[in-house]
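# Observations on the three-dimensional arrangement
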Amino acid sequence: MTKAFFLAGLALVLAGPALAQERQWTLDATDHQAFLVFGVPDTDDVGLSFWCDVGGSTLSAYMPDSFAKLKSGERTKMVLSVDGAKFTLTATAAKDQTANRMTVEGKFKVSDALTKALQNGETVGVAIKGHSATYPLTDADFEGLLNACSGADSGQ
């Protein structure tokens, strides 16, 4: 019996890394919107995402936030720090009914300095009401997002 438990435990330990997925940047687009998401593919695990309406001139920074004490509809500051440079967005909190958590979304123009910083940066930090998180920008395809937003990649 002990050998069976040992083998079962060993199988779980060895399977653990295969089952665990790391967050990564994924670019996706529909006919109407484009998304650059840092999360675990095919799950609700999203750390941060950027999205736009195709043909529009505005990007949105979107973050699920279960740490800050926010109410749906509340406006708050979202501070993005890209390699030390800080950009403050006015963001709005909303309740994600599917995941039963609060989200925060701030908008900025494609032409803003923040966009250029995100394209060239190594890390992005996000601070909302005292809670902060930092994400790598390695492999974040902002050029692809901007192409999709402009409608240049409408064939995706």
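Structural data are supplied above this passage.
The following refers to the structure shown. Worth saying up front: this structure is predicted, and the values here are computed from it rather than measured.

### Let's talk about the pairing of strand β6 (residues 85-96)
Strand direction decides the pairing type here: strand β5 (residues 75-82) and β6, joined by eight bridges, are antiparallel. For V79, the partnering residue across the bridge sits in β6 and is T88. Hairpin geometry of β5 and β6 is characterised by an intervening segment of two residues between the two adjacent antiparallel strands and by a positive phi of about 50° at D83. Of the pairings in the sheet, the one linking β6 to strand β7 (residues 101-109) comprises six bridges and is antiparallel in character. Along β7, the bridge assignment pairs K95 with M102.

### Quick word on the state of the cysteines
Tallying each qualifying case throughout the model produces one disulfide. Here C52 pairs with C149 through a disulfide, and the sulfurs are 1.9 Å apart. Taking the torsion about the sulfur-sulfur bond, which here is approximately -105°, the covalent link between C52 and C149 counts as left-handed. Taken together, the positions of C52 in strand β3 (residues 46-53) and C149 in helix α3 (residues 142-150) put the pair 97 residues apart, joining distant regions of the chain. For the pair C52 and C149, a shared accessibility class is recorded, and that class is buried.

### What to know about the nonpolar core
Within the largest apolar cluster, 37 residues are counted, with the highest numbers of intra-cluster contacts made by F50, M78, L80 and L118. Residues contacting L80, with those up to four places away along its chain left out, are F50, A61, A85, K86, F87, L89, L114, V124, G125 and V126.

Thresholds, definitions, all that
Residues numbered from 1 in each chain as written. Predicted model: local features only at pLDDT ≥ 70, side-chain atom pairs only at ≥ 80, totals over all residues. Heavy atoms only, no water. Pairing = 2+ DSSP bridges. Helix = DSSP H or I, 4+ residues; strand = E, 2+ residues; numbered from the N terminus. Disulfide = S-S within 2.5 Å. Buried < 20%, exposed > 50% of the residue type's maximum accessible area, 1.4 Å probe, protein only. Core = buried A, V, L, I, M, F, W, Y, C linked by side-chain atoms within 4.5 Å. Contact = heavy atoms within 4.5 Å.

No statement about biological role is implied by the geometric values presented.
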